Structure formats: C-alpha cells, structure tokens
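# Observations on the model geometry
Spelled out from the first residue to the last, the chains are:
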Amino acid sequence: MKHTMLYLLALVAGLAVLLSGPEATAAQADFYTSYTDLLQRHVRQGQVNYKSLSQDRAALQRLVAQVKSYGLKGASASEKKAFYLNAYNLLVLQQVLEQYPLKSVMDVKGFFDQKKHTVAGQPMTLNELEKQKLLQPYQDARIHFALVCAAKSCPPLRNEAFTPQQVEQQLQEQAEQALRSNSFIKVQPSKKQVLVSEIFNWYKSDFLREAPSIAAYINRFRAKPLPAGYSLGYYTYDWQLNDTP
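Residues numbered from 1 in each chain as written. Predicted model: local features only at pLDDT ≥ 70, side-chain atom pairs only at ≥ 80, totals over all residues. Heavy atoms only, no water.

## A word on the state of the cysteines
The condition that has to hold: Disulfides are defined as pairs of cysteine sulfur atoms found within 2.5 Å of each other. The buried label goes to any residue with under 20% of its type's maximum accessible area, the exposed label to any with over 50%, and the partly exposed label to all in between, with areas taken from a 1.4 Å probe on protein chains only.
Overall, the coordinates contain one disulfide when judged by the stated rule. Each disulfide pairs two cysteine sulfurs, and for Cys 149 the partner residue is Cys 154, the sulfurs being separated by 2.4 Å. Of note, the bridge from Cys 149 to Cys 154 carries an S-S torsion of about -85° and is left-handed in sense. Side by side, Cys 149 and Cys 154 carry an identical accessibility label, which is buried.

Have a look at this one:
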C-alpha cells in the first residue's frame, strides 16, 4: 500500500509539471515582450513620460504581479541577471507612480532602503535587490549603467527589456552609450579635467575591481579615450525626476 501511495503521488506530481510547466514558461517569456511594449509606449530618449504611463497603470500592475510570482528555480545565470535588472527598473517606475506628481524620488522617505517589494517570491528593498541579487553575485560594473533610479543624472532608461538571450550585449551597449555621452562624461579641455558621475565615487570599488583606475575603466567603452594627464572630478548628481517635458 505504501509503495502504491508513493507511486500515485509521483504520478500526480509529474502530471502537474506537464500541465503547468509549458504555461509557466510561456507566461515568463511574455514578461519580457510585455515589458518591452510598455517601455516603448512611454520611454523616449531615456526619459519617462510618467503622465502617459499613469494612464497605462493596468499593464504596469500586471508586470509587477509577474515580478512577484516569477519562478527562478532552474533558471540560468543570464535569465536571473536579465530578470533582476528588469525587476529593479520596473519597481522604480511603479513606486514613482504611487507618488506622482513628484519632483524627486529623494523626497520619498525610504524609497530605496525601506519600501519592501516582492521579487520572485522574496521580500526586498530596491537596495537589497541591487546589491544582493545583481552586484554581489555577478560583480559586473556595467550593471550601474542599466539600473535607473528615476533621476536626471541616471543613465538613460533603455526602452526595451533585458532578455536572457541578449543581456550581455545589452549591458555592453548601455555602458558604451553612457560612457560616450558628453552629458555623462564631461571632458573640459580648458581646465584639463574630466568630470564624471558620482556613481563612480559611490561604487568606486566595483569599477576598480575591473580596471586600475576610473579613467581606465571608462576608456574600455569609449571610441576616443579620455585625454592623458587630465584630472578627474565628480559633478553634482541631479536627482530631479527623469520625467519628459
């Protein structure tokens, strides 16, 4: 009898996998295409039209629900990386809309370090998501050019989802776009200096793990290297909301 019961339980479990597996996989694949559709409707040149996004709240909430229940059991490293990048940017959008109209996310207490979100079944803050699910496991400094904290000085928000198949190429493109931008890397020949984002100061150890200096890291992604001998400084971070005019 015991063996019969174990057999029946195994059979039921197997049927459950057969019935739910393809549907779950399809739903998770839909997450990336649906998120891309949302971004392309409301993101222009790296900035967000929050007014129009607020009228598309139902689509946003469906994606947030998918972030909550997304299954990562058996997921590849590239799928986890793409999922968590998307989850961070998506939850930033959701949290901005909860407070919109808004001048800056810095006006919202605990925006990054207190508000908890459910991500693939786990409660976490945006800071915990960034550090524990992305920076620590992957040790890839390009992540800093893909996560967008809803500020003017953030790197531009990509208007397509990161995908498991293309995430490495997309991260490379994000880094190149940011580090070749005159507004992100400010070369000042008259003063023989280069002003860079405070991101390079806040996360200095991440960049110096991959290059001997901040300038050397930046030059890895530039077509034209920074001038030799120029001093390096940091311009003030603009925390105004990355809202379109």
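## Here's the deal with the pattern of salt bridges
Threshold: When a carboxyl oxygen of Asp or Glu is within 4 Å of a side-chain nitrogen of Lys or Arg, the pair counts as a salt bridge. Only DSSP runs of H or I covering at least 4 residues are called helices, and only runs of E covering at least 2 are called strands; the numbering of each starts at the N terminus.
Counting across every chain of the model gives ten salt bridges. Residues Glu 173 and Arg 158 are paired through a salt bridge, measuring 2.5 Å at the closest nitrogen-oxygen approach. Of the two residues, Glu 173 sits in helix H6 (residues 167-179) while Arg 158 sits in the loop between helix H5 (126-138) and H6, which places them 15 residues apart along the sequence. Between Glu 210 and Arg 220 there is a salt bridge; the shortest N-O distance is 3.4 Å. Highlighted residues: Glu 210 in the loop between helix H8 (204-208) and helix H9 (214-219) and Arg 220 in the loop between H9 and strand E7 (231-234), separated in sequence by ten residues. Its relative accessible area of 27% is what places Glu 210 among the partly exposed residues. Exposure remark for Arg 220: the relative accessible area of 47% places this residue in the partly exposed category. When salt bridges with common partners are traced through the structure, they connect Lys 81, Asp 140, Arg 142 and Glu 168 into a single cluster.

## As for helix H4 (residues 77-99)
Cut-off, in case you're wondering: Expected helix span is taken as 1.5 Å per residue step, with the number of steps being one fewer than the number of residues.
The end-to-end C-alpha separation of H4 is 34 Å, in line with the 33 Å expected for 23 residues at 1.5 Å each. Of all 23 residues in H4, 18 are buried; the element is thus mostly enclosed.

## Comments concerning the sheet that holds strand E6 (residues 193-196)
Where we set the bar: When DSSP finds two or more bridges between a pair of strands, those strands are recorded as paired. Throughout, an axis means a line fitted to C-alpha atoms (over the contacting stretch in the case of helices), and angles, computed between N-to-C directions, take values from 0 to 180 degrees.
Strand order across the open sheet formed by three strands is E5-E6-E7, with mixed pairing between neighbours. The open sheet has two edge strands with one neighbour each: strand E5 (185-188) and E7. The mean angle between the axes of side-by-side strands here comes to 25°, regardless of whether they run parallel or antiparallel. Both E5 and E6 contribute to a ladder of four bridges, which runs antiparallel. In the strand pairing of E6, Gln 188 is matched with Gln 193.

## Notes on the packing of aromatic side chains
Note the threshold: Two rings from Phe, Tyr or Trp (for Trp, the six-membered ring) form a pair when their centres sit within 6.5 Å of each other. Planes less than 30 degrees apart are called stacked, planes more than 60 degrees apart edge-to-face, and all others tilted.
Evaluated as defined, the whole model comprises 19 aromatic pairs. An angle of 70° between the planes, with centres 5.9 Å apart, marks the rings of Phe 31 and Tyr 70 as edge-to-face. Of this pair, Phe 31 sits in helix H1 (residues 2-42) while Tyr 70 sits in the loop between helix H3 (57-69) and H4, and the two are 39 residues apart along the sequence. The burial state of Phe 31 is the same as that of Tyr 70; both residues are buried.

## Here we look at the packing of H3 against H4
Test applied: Geometric relationships in this document are graded by angle, where less than 35 degrees denotes roughly parallel, more than 145 denotes roughly antiparallel, 65 to 115 denotes roughly perpendicular, and other angles denote oblique. Put simply, a crossing is left-handed when the front helix is turned counterclockwise from the back one by less than a right angle, and right-handed when it is turned clockwise. The contact criterion used is simple: two residues touch if any of their non-hydrogen atoms lie within 4.5 Å.
Interhelical geometry of H3 versus H4 gives an angle of 135° and a closest axis separation of 10 Å. One finds that H3 runs oblique with respect to H4. Here H3 and H4 pass one another in a crossing that is left-handed. Between H3 and H4, the contacting residues are Arg 57, Leu 60, Gln 61, Leu 63, Val 64 and Val 67 on the first element and Phe 83, Ala 87, Leu 90, Leu 91, Gln 94 and Leu 97 on the second.

## Focus: the confidence of the model for the protein
For clarity, the cut-off: Every residue gets a pLDDT, meaning the predictor's confidence in that residue, from 0 to 100.
Scored by pLDDT, the protein comes out at a mean of 92, with 89% of its residues at no less than 70. Every residue in residues 2-21 is under pLDDT 50, and counting partners more than four places away or in other chains gives two contacts.

## Brief notes about the nonpolar core
Looking at soluble globular proteins, one finds that nonpolar side chains tend to be buried together. Operational definition: Each nonpolar core is a collection of buried residues, namely Ala, Val, Leu, Ile, Met, Phe, Trp, Tyr and Cys, held together in the definition by side-chain atoms within 4.5 Å.
If you look at the biggest cluster of nonpolar residues, it comprises 76 residues, and the most contacted ones within it are Phe 83 and Phe 200. For this core, the leading source of residues is H4, giving twelve residues. Leave out the neighbours within four places in its chain, and Phe 83 touches Phe 31, Tyr 32, Val 67, Tyr 70, Leu 72, Val 119 and Ala 120.

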